[in-house]
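Coordinate analysis (summary)
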Amino acid sequence: MRARLSDIAQQAEVSEATVSRVLNDRPGVAPETRQAVLTALDVLGYERPARLRKRCAGLVGLVVPELDNPIFPAFAQIIESALAPTGFTPVLCTQTPGGIREDEYVEMLLDRQVSGIVFVSGLHADTAADHERYRALIARPLPVVMVNGYAPNLPAPFISCDDREAAELAVTHLVALGHRRIGLITGPNRFVPVQRKVAAYQAAMRRCTDVSEAELTELTELSLFGVEGGEAAATRLLDRGVTGLVCGSDPMALGAIRAARQRGLAVPRDVSVVGYDDSPLMAFTDPPLTTMRQPVAAMAVAAVQALVDEINGHAAPHSEYLFRPELVVRGSTAVARTPSVDPGATPSPLAVSV
């Protein structure tokens, strides 16, 4: 090793002490001097230490669950833009049904010597998943940042939109318009954001309406995320006489609008619909979608800053940063109609007194 240090020092025209500092990734070396030492390693055919290979790679992993929901490409685009000034480039890994799993992507990213990984709505948000996979990454150590989904047993930075506040704002908006039978459509209950939305929705309904506990259960529909899941859940809720729908994603809200139209109902004349995300193009749907806006830009920038800090050895607080959603009111919600019902007629499921 002594001779090797001498060779590297001679090739780089620096002292052996400087070579030692570079090889051990210690501070106090000018960037151009550090680069000269690394170049000398390459010229002499020496393998760079693992920590230096990671740094020189300039890559970070970005794992998202899908691209069908426009909110995930939005996250990816802003994360890429925020990474550009830092010198890092994201490697986008998109999961698809029956395709490559998150763990397989992680192995591929480790083979590429990435400097860190950002997980957006990954298995960290799934309470039924084994989080040992993340503890193993953190123990390597490999910097990771989790977006949307909190796991208190993982020592890492978490960036989340406040799902509780989103559900509460959506319910209070519809109640202010005169709706009382308000249904919730969201994804499987094993996901942390879903659990938070359900709890906040039910709390807001108890506070703002006189629905019973049994009715609350009937008005809560858990389905698969996506247009089809939203449509199926909305069909069941419309059968139960809802006049307002709070949805766990914009695609689910679009599915709910489709379900209403298939039975001849107009949105928002007969049914009001609130989405979640404010993903691109929601302002241009028919009708334009009222939705809870995730502050994607602020969340993405915060995730990048936390990751870069971790990579540079300045550990970000291992806690959850909550970002406030914003209610964006558009044409898919309106004042609840008070139906005109013949006293002798049998009321339809939608003839709900408000």
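This structure is a prediction, so every number in the text was calculated from the model and none was measured.

Brief notes about the overall build of the chain
The number of helices and strands found in the chain is 13 helices and twelve strands. By the compact-globule yardstick of 20 Å for 354 residues, the chain is too spread out, its C-alpha radius of gyration being 26 Å. Dimensions of the chain along its principal axes, counting C-alpha atoms only, are 100 × 35 × 35 Å. Residue burial in the chain is summarised as follows: out of 354 residues, 51% are buried. Pairs at least 24 residues apart make up 70% of the contacts formed inside the chain by residues separated by at least 6 positions. Of the accessible surface of the chain, which amounts to about 16,100 Å², a share of 53% is contributed by carbon and sulfur atoms.

A short note on the nonpolar core
Formed by 72 residues in total, the largest nonpolar core has its most connected members in Val120, Ile185, Tyr201, Leu245 and Val273. For this core, the element with the highest residue contribution is helix α13 (residues 296-311), accounting for nine residues. In this structure isoleucine 185 touches Glu221, Gly230, Ala233, Ala234, Leu237, Leu245, Val246, Cys247, Gly248, Met252 and Ala256, once residues within four positions along its chain are discounted. Among the nonpolar cores identified, the runner-up in size contains 19 residues, and Val91, Tyr105, Val114 and Ile117 belong to it.

Considerations on the packing of helix α11 (residues 227-239) against helix α12 (residues 250-262)
Interhelical geometry of α11 versus α12 gives an angle of 50° and a closest axis separation of 7 Å. Taken together, α11 and α12 sit at an angle that is classed as oblique. For the pair α11 and α12, the sense of crossing is right-handed. Judged by residue contacts, Val227, Gly229, Gly230, Glu231, Ala234, Thr235 and Leu238 of α11 engage Pro251, Met252, Gly255, Ala256, Arg258, Ala259, Ala260 and Gln262 from α12.

Concerning the sheet that holds strand β10 (residues 290-293)
A sheet is described by the order of its strands in space; here six strands give the open sequence β7-β6-β8-β9-β10-β12, paired in mixed fashion. A single partner strand is all that each edge strand has here, and the edge strands are β7 (220-222) and β12 (326-328). Within this sheet the neighbouring strands show an average axis-to-axis angle of 20°, counted without direction. In the sheet, strand β6 (residues 182-186) pairs with strand β8 (residues 244-247) via four bridges, with the strands oriented parallel. Directly across from leucine 184, in β8, lies its bridge partner valine 246. Strands in contact with helix α8 (residues 163-176) are β6, β8, β9 (272-277), β10 and β12; relative to β9, the strand with the most contacts, it is inclined by about 160°. Strand contacts of helix α9 (residues 192-208): β6, β7 and β9, with the helix running at about 175° to β6, the strand carrying the most contacts.

Procedures and definitions
Residues numbered from 1 in each chain as written. Predicted model: local features only at pLDDT ≥ 70, side-chain atom pairs only at ≥ 80, totals over all residues. Heavy atoms only, no water. Helix = DSSP H or I, 4+ residues; strand = E, 2+ residues; numbered from the N terminus. Rg over C-alpha atoms; globule rule 2.2 N^0.38 Å. Buried < 20%, exposed > 50% of the residue type's maximum accessible area, 1.4 Å probe, protein only. Contact = heavy atoms within 4.5 Å. Areas by Shrake-Rupley, 256 points an atom, 1.4 Å probe, with all protein chains shown as cover. Core = buried A, V, L, I, M, F, W, Y, C linked by side-chain atoms within 4.5 Å. Axes fitted to C-alpha atoms, helices over the stretch in contact; angles between N-to-C directions. Parallel < 35°, antiparallel > 145°, perpendicular 65-115°, else oblique. Left-handed = near helix turned anticlockwise from the far one by under 90°. Pairing = 2+ DSSP bridges.

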